[in-house]
Amino acid sequence: LSFLYIYLHPFTPLFISPLHPLHLLFLHCLYLGLVGVQKQSNMGEISCASEPINGVLSRSSSSPPPSGYRKSCWYEEEIEENLRWCFALNSILHTGSTQYQEIALFDTKPFGKALVIDGKLQSAEVDEFIYHECLVHPPLLHHPNPKTVFIMGGGEGSTAREILKHRTVDKVVMCDIDEEVVEFCKEYLVVNTDAFNDPRLNVIINDARAELENRKEEKFDVIVGDLADPIEGGPCYKLYTKSFYESTVKPRLTQGGIFVTQAGPAGIFSHTEVYTCIYNTLRQVFKYVVPYAAHIPSYADTWGWVMASDSPLELSCEEMDLRIKQRVEGENKYLDGTTFSSVTTLNKVVRNALYDETHVYTEGTARFIYGHGKNDL
């Protein structure tokens, strides 16, 4: 027992939540030092191994690693059938399952704390600002005077954090279907503590469609779709459909209101999964639609967003920079006028695919990114 305590002591953060099968696997792999021991679940795979410093895998062995070797534990996410993205872990902070989703929080070596839902990385500590600044600031800055904002999803609180930096905003409603995820993020993602405590934020636990439909007399200047990716069996794919945008989202926008949504992978090979059809679907509903994309290191891909309105979405670099200075508390890490001009300048392959896309997203003709939700297993 004393040997095990000394051996496992660096990984004591594992014990901040009740042990889960993935925790036990992690400890088992550390103790045995096996190469290729893996646990596969809906949350991806965790594998632990003894490996030499130069990165070539050692042979399986139950003995302690020889001199020049180190213990490693890795998380793998299956991006496609024949493609995986993996990174080394310091520890597993939490794993669990809610009514809707599988959730995990890892302390990773390259990206800090990383939130994983249904086997898909949602955000990582070191670069989440890219995703959230791109999602939030373009629509709020294009709006002349945004006061009310509705967030669909956004349970981790980072989207609300960025919105609440805007001095014009009086009210933010964040509606997430999964209360356990929200409470989990409140507890573990301390970077968003101030946002959750801001009196302008009202957190609602409900289905976003039902909540918007119940607020028949209420309209918002900006509606933000910070939903989980549309994966088969997941809880969110119906909120990417033409009927939802047309009958639920658009009627809840004020005159000149703006809708924005995350739109999945937008890389040179991945943009046809859902990005182009989400863009084309919004074109059927709104007069002005702007697609944009940026590389996010922890996603191992370029990510896409789409902004839409019935009012023109035109703002020069200089005008955007001026509005940032006048309206936004603090300084953005990533987004300014020049950056937004850059992220809206898409490569030729993606531009052509957006132009040629004819598919409209409906419940009967839904497209999904690779993976499966909890309810599809």
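Residues numbered from 1 in each chain as written. Predicted model: local features only at pLDDT ≥ 70, side-chain atom pairs only at ≥ 80, totals over all residues. Heavy atoms only, no water.

Novice: Where do I start with the overall build of the protein chain in this structure?
Specialist: Along its length, the protein chain carries 12 helices and 14 strands. Counting over 377 residues, the protein chain shows a buried share of 56%. Of the contacts formed within the protein chain by residues at least 6 apart in sequence, a portion of 65% connects residues at least 24 apart. Accessible surface computed for the protein chain: about 16500 Å², of which carbon and sulfur atoms make up 52%. (Helix = DSSP H or I, 4+ residues; strand = E, 2+ residues; numbered from the N terminus. Buried < 20%, exposed > 50% of the residue type's maximum accessible area, 1.4 Å probe, protein only. Contact = heavy atoms within 4.5 Å. Areas by Shrake-Rupley, 256 points an atom, 1.4 Å probe, with all protein chains shown as cover.)

Novice: I tried to follow the packing of helix 3 (residues 128-142) against helix 10 (residues 317-327) on my own but got confused; where do I start?
Specialist: A packed helix pair is summarised by two numbers, namely the angle formed by the two axes and the spacing between the axes. Relative to each other, helix 3 and helix 10 sit at 95°, their axes nearing to 10 Å. When the axes of helix 3 and helix 10 are compared, the pair comes out roughly perpendicular. Residues Leu 140, Leu 141 and His 142 of helix 3 touch helix 10, and the partners they reach there are Met 320, Arg 323, Ile 324 and Arg 327. Considering only residue class, the contact of helix 3 with helix 10 consists of four nonpolar, one polar and two charged. (Axes fitted to C-alpha atoms, helices over the stretch in contact; angles between N-to-C directions. Parallel < 35°, antiparallel > 145°, perpendicular 65-115°, else oblique. Nonpolar A, V, L, I, M, F, W, Y, C, P; charged D, E, K, R; others polar.)

Novice: It is not clear to me how a negative patch on the surface should be interpreted in this structure. Could you clarify?
Specialist: On the surface, Glu 318, Glu 319, Asp 321 and Asp 336 cluster together to form a negatively charged patch. Along the polypeptide, Asp 321 turns up in helix 10. Judged by its relative accessible area of 32%, Asp 321 is partly exposed. (Patch = residues over 30% accessible without salt bridge, like charges linked within 9 Å, V, L, I, M, F, W, Y side chains within 5 Å. Salt bridge = Lys/Arg side-chain N within 4 Å of Asp/Glu carboxyl O. Lys, Arg positive; Asp, Glu negative; His and termini not counted. Charge placed at Lys NZ, Arg CZ, Asp CG, Glu CD.)

Novice: Which parts of the structure should I look at to understand the packing of aromatic side chains?
Specialist: Each aromatic ring pair is characterised by the separation of its centres together with the angle its planes make. Counted under the stated rule, the structure contains 17 aromatic pairs. Summarising the aromatic geometry, the rings of Trp 85 and Phe 87 are spaced 6.2 Å apart at their centres and angled 70° between planes, so their arrangement reads as edge-to-face. Its relative accessible area of 24% is what places Trp 85 among the partly exposed residues. Relative to Tyr 299, the ring of Tyr 131 lies with its centre 6.4 Å away and its plane at 65°, an arrangement referred to as edge-to-face. With Tyr 131 in helix 3 and Tyr 299 in the loop between strand 13 (288-296) and strand 14 (301-309), this residue pair connects regions lying 168 residues apart in the sequence. For the pair Tyr 131 and Tyr 299, a shared accessibility class is recorded, and that class is buried. Among the aromatic side chains, those forming a connected cluster through ring pairs are Tyr 131, Tyr 292, Tyr 299, Trp 303, Trp 305 and Phe 340. (Phe/Tyr/Trp six-rings, centres within 6.5 Å; stacked < 30°, edge-to-face > 60°.)

Novice: Is there a simple way to explain the UniProt feature "active site" (unreviewed entry) in the protein chain in this structure?
Specialist: The sites that carry the UniProt feature "active site" (unreviewed entry) are, in the present numbering, Asp 226. Positionally, Asp 226 belongs in strand 11 (residues 220-226). When neighbours within four sequence positions are excluded, Asp 226 is seen to be in contact with Tyr 131, His 132, Leu 135, Ile 151, Met 152, Gly 153, Gly 154 and Thr 159. (UniProt positions renumbered as here; feature names shortened; annotations may be inferred.)

Novice: Can you help me understand the nonpolar core in this one?
Specialist: Nonpolar side chains in soluble globular proteins generally cluster together in the buried interior. Membership of the largest hydrophobic core comes to 53 residues, with the highest contact counts inside it found for Phe 106, Ile 163, Tyr 292, Trp 305 and Met 307. At eight residues, helix 3 tops the list of elements feeding residues into this core. Leave out the neighbours within four places in its chain, and Ile 163 touches Val 136, Leu 140, Val 149, Ile 151, Val 169, Val 172 and Val 224. Among the nonpolar cores identified, the runner-up in size contains 41 residues, and Val 173, Phe 220, Leu 346 and Val 350 belong to it. (Core = buried A, V, L, I, M, F, W, Y, C linked by side-chain atoms within 4.5 Å.)

Novice: Hey, could you run me through the pairing of strand 7 (residues 120-124) in this one?
Specialist: Within a regular strand, the side chains alternate between the two sheet faces. The buried count for strand 7 comes to five of five residues, which makes it a mostly enclosed element. Once strand 6 (residues 112-117) ends, the chain turns through two residues before running back antiparallel as strand 7, passing Asp 118 with a positive phi of about 50°. (Pairing = 2+ DSSP bridges.)

Novice: Mind showing me how you'd approach the pattern of salt bridges here?
Specialist: Opposite charge on two side chains makes pairing possible when the charged atoms of those side chains draw close. With the rule as written, the count across this model stands at 16 salt bridges. Residue Lys 147 pairs with Asp 170 through a salt bridge whose shortest N-O separation is 3.9 Å. One end of the pair, Lys 147, is in the loop between helix 3 and strand 8 (148-153); the other, Asp 170, is in the loop between helix 4 (158-163) and strand 9 (171-176), and 23 residues separate them in sequence. When its relative accessible area of 35% is taken as the criterion, Lys 147 is described as partly exposed. Among the residues examined, Asp 170 registers a relative accessible area of 48% and is labelled partly exposed. Two residues, Glu 218 and Lys 171, come together in a salt bridge whose shortest N-O distance is 2.6 Å.

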